[in-house]
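Residue strings, one per chain:
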Amino acid sequence: MSNVLARRGRLAAYKLVLVQAAVASIISIFFFVMWGAQYGLSALAGGVIAVLPNFVFATLAFSHSGASSAAKVIKSFYWGEAVKMLLTIALFSLVFINLKVGFMPLFSCYSLALVVHWIAPLYFKQS
């Protein structure tokens, strides 16, 4: 039963990450069309920085569920959040060191992807 609950939570989280990735892709395409390749790639980098850590978090956080493994559930959420933060820092560092990015498209796409991550659960129906 707990594997079913973990799978349902993981699938809901993956659905949220998929919506987040779709919005980041649309924003990146918009920047590419309006201002060129550098701005499009900068926006894409911001989207990846927002989406990839959330995907990793969803994978780690929903690896356990159920009352019998409550300690494991809490531990997996803490580990997931810690890895998410470290991965976000590492990705920002890699982008700033290795790419010539436009700050406005990078942070615009990153911020909008995070806003989608906060707002999208209001529209999902949990059955």
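This structure is a prediction, so every number in the text was calculated from the model and none was measured.

Draft legend 1. Molecular detail of the packing of aromatic side chains. Taken as a whole and assessed by the stated rule, the structure comprises 13 aromatic pairs. When the centroid spacing of 6.0 Å and the interplanar angle of 70° are considered together, the rings of Phe 30 and Phe 31 count as edge-to-face. The exposure class of Phe 30 is partly exposed, given its relative accessible area of 44%. Grouping aromatic residues by their ring pairs yields a cluster made of Phe 92, Phe 96, Phe 103, Phe 107 and Tyr 110. Its guanidinium or amino end placed over the ring of Phe 57, Lys 84 lies 5.4 Å from that ring's centre, counting from NZ or CZ.

Draft legend 2. Spatial organisation of the UniProt feature "transmembrane region" (unreviewed entry) in the chain. This chain's UniProt record puts "transmembrane region" (unreviewed entry) on residues 12-35, 41-64, 76-97 and 103-124. The span residues 12-35 carries 100% helix and 0% strand; its end-to-end C-alpha distance comes to 35 Å.

Cut-offs applied
Residues numbered from 1 in each chain as written. Predicted model: local features only at pLDDT ≥ 70, side-chain atom pairs only at ≥ 80, totals over all residues. Heavy atoms only, no water. Phe/Tyr/Trp six-rings, centres within 6.5 Å; stacked < 30°, edge-to-face > 60°. Buried < 20%, exposed > 50% of the residue type's maximum accessible area, 1.4 Å probe, protein only. Lys NZ or Arg CZ within 6 Å of the ring centre and 35° of its normal. UniProt positions renumbered as here; feature names shortened; annotations may be inferred. Helix = DSSP H or I, 4+ residues; strand = E, 2+ residues; numbered from the N terminus.

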